[in-house]
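Chain by chain, the residues:
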Amino acid sequence: MNDIIKDELSRPTVFKKEKPLYFDYVPENLPEREEELRYLVRLFRDVIEERVGSSQSALITGKVGTGKTVMAKKFGEMLEKRRGFNYVHVNCRKHNTGSLALIKVLRNYDKRFPERGYSVEEMLRALFNMLEIRDKYLVIAMDEIDFLIKKSGPDILYNLSRMSDDSLGDYENRISVIYIARDPNFREELDQSTQSTLRGNIINLNEYNQKELTTILNQRIKLAFNPNTVTTETIELISDIASEWGNARFAIELLWKAGKKADSEGDETVVPEHVRWAKAEIHPYMRKELFNDMNKNHLMVLLSIAQLLQNSNKAYVTTGEVEENYKIICEGHNIKPRRYTQFWHYIQELNNMGVIDTSLSGKGKRGRTTQISLPDIPANMLKQEIEKHINTILKHE
Ligand SMILES: Nc1ncnc2c1ncn2[C@@H]1O[C@H](COP(=O)(O)OP(=O)(O)OP(=O)(O)O)[C@@H](O)[C@H]1O
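- Per an unreviewed UniProt entry, the protein goes by ORC1-type DNA replication protein and derives from Methanonatronarchaeum thermophilum.
- According to UniProt, the comment filed for the protein under the heading Function (unreviewed entry) is "Involved in regulation of DNA replication."
- Under Sequence similarities (unreviewed entry), UniProt gives the following word-for-word description of the protein: "Belongs to the CDC6/cdc18 family."

Here is the structure:
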């Protein structure tokens, strides 16, 4: 057996080390996001400089893989290097109620903080106490906050935003919050008081273009690959594919998988053929997690789009066409179709997930209509995937 290990370890590889390709790796610099990062620092200037009595909140929005999480984490890293500051990153998809999110924060200070028995108010007090004793100022990043709100309502935001008023008695305000959400209109879903604490503090991250993705890829190649193992054509193809979504995560994943493929074929360099293979393997549409984020209505809307595009040979369809077909599909599945506003909301959400592209047709305000297209996936392939998932969802109802 030992020989197998020895044999495998002695095989040539294109990788220097794979860690810089992990999803949670935070690189030394964030190329193409420096300006936004500086803006975030400026927003928190008072907190950093004055500490006492000042707290801040900000909202980072942007589509999948535009660097929201890594930017917040980088900010946190920089902050923690300064004396007296702590940063806690909460994944609200995982910690999806106000209490669970707060427990995650509290456990940063007390690993055994109990899971039950305390109200949100009590937990906040406990947290203030801990900060006071340690003389620390805290920035909490609430990543994918939309999930938490969907699951358990906006109360936690209210609680967090209200901490600056006198409801907490003698405590000094030591907590700032960075909210992270994909939907740029997320702010509008919040109550007035939270909205006003966010004021203009919103950073919207654009999708990356091919040039920006190339820079990001080159940084990872330097860190993770042996010299001269990734060809220019390979980088060009990856950045070209990923730029359709503007998604850096997809770009890095393609790079990684392509490298793995090169290794498994015993090739010394990563070439475009490896990328094509990787793309087929990890097409964003083929990821199970993507469908996990969708409810049956999302799936019905998406199915409607896929059907229309498959049958029409057109590059895009209009929302009107999609809605009509959506109603028919719902009927066929014995599901009550939702009204227009809700339907429109699903279209927006699918757009934010990066699974459809929407754009406005023509010029001038009157008579403009939203056009919907699918980024780079055969409609019939998508249809098959959706049908598989619809069946699973309906079975579990
Ligand atoms: N400017 C950048 N420089 C270097 N790496 C980046 C940059 N932007 C994004 N990345 C990398 O791309 C991947 C995706 O980024 P990140 O997780 O921050 O995206 P996100 O916007 O939070 O996506 P999601 O909405 O899916 O959570 C990560 O591996 C991250 O390190």
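More follows now that the structure is in view.
### As for the nonpolar core
Okay, so step 1: Of all hydrophobic cores here, the largest spans 35 residues; its most connected members are Leu127, Leu138, Met142, Ile145 and Tyr179.
Okay, so step 2: At eight residues, helix α6 (residues 120–134) tops the list of elements feeding residues into this core.
Okay, so step 3: If near-sequence neighbours (up to four positions away) are discounted, Leu138 is found in contact with Asn86, Tyr87, Val88, Val105, Tyr109, Leu127, Leu131, Arg174, Ile175 and Ser176.
Okay, so step 4: Of all hydrophobic cores here, the second largest spans 30 residues; its members include Ala306, Val322, Tyr346 and Ala379.

### Some details on the site of the ligand
Okay, so step 1: Around the ligand, the structure places 21 residues, and the nearest of them are Pro31, Lys68, Thr69, Tyr208 and Arg220.
Okay, so step 2: Contact between the ligand and Arg182: an oxygen atom at 2.9 Å from a side-chain N or O atom of the residue.
Okay, so step 3: Between the ligand and Tyr208 there is a distance of 2.7 Å, counted from a nitrogen atom to a side-chain nitrogen or oxygen.
Okay, so step 4: When residues of the shell around the ligand are traced back to their parent elements, those giving at least two are α4 (68–80), α10 (210–224) and α12 (248–265).

### Side note on the sheet that holds strand β7 (residues 357–360)
Okay, so step 1: A sheet is described by the order of its strands in space; here three strands give the open sequence β6-β8-β7, paired in antiparallel fashion. For this open sheet the edge positions go to β6 (317–318) and β7, each flanked by a neighbour on one side alone.
Okay, so step 2: Two elements, β6 and strand β8 (residues 370–373), share two bridges in a ladder whose sense is antiparallel. Bridge pairing in β8 places Thr318 opposite Gln371.

### Overview of the packing of aromatic side chains
Okay, so step 1: All chains considered together, the criterion is met by eight aromatic pairs.
Okay, so step 2: Between Phe113 and Tyr118, the aromatic rings sit 5.2 Å apart at their centres with planes inclined by 35°, giving tilted as the arrangement.
Okay, so step 3: Residue class for Tyr118 comes out partly exposed when judged on its relative accessible area of 43%.
Okay, so step 4: When the centroid spacing of 5.2 Å and the interplanar angle of 85° are considered together, the rings of Trp245 and Phe250 count as edge-to-face. The same class applies to Trp245 and to Phe250, which are both buried.
Okay, so step 5: Linked through ring pairs, Tyr326, Tyr340 and Phe343 together constitute an aromatic cluster.
Okay, so step 6: Looking at Arg174, its charged tip hangs above the ring of Tyr137, at a distance of 4.5 Å from the centre.

Rules of the game
- Residues numbered from 1 in each chain as written.
- Predicted model: local features only at pLDDT ≥ 70, side-chain atom pairs only at ≥ 80, totals over all residues.
- Heavy atoms only, no water.
- UniProt positions renumbered as here; feature names shortened; annotations may be inferred.
- Core = buried A, V, L, I, M, F, W, Y, C linked by side-chain atoms within 4.5 Å.
- Buried < 20%, exposed > 50% of the residue type's maximum accessible area, 1.4 Å probe, protein only.
- Helix = DSSP H or I, 4+ residues; strand = E, 2+ residues; numbered from the N terminus.
- Contact = heavy atoms within 4.5 Å.
- Near = heavy atom within 4 Å.
- Polar contact = N/O pair within 3.5 Å; in protein donor to acceptor, adjacent residues only side chain to side chain.
- Pairing = 2+ DSSP bridges.
- Phe/Tyr/Trp six-rings, centres within 6.5 Å; stacked < 30°, edge-to-face > 60°.
- Lys NZ or Arg CZ within 6 Å of the ring centre and 35° of its normal.

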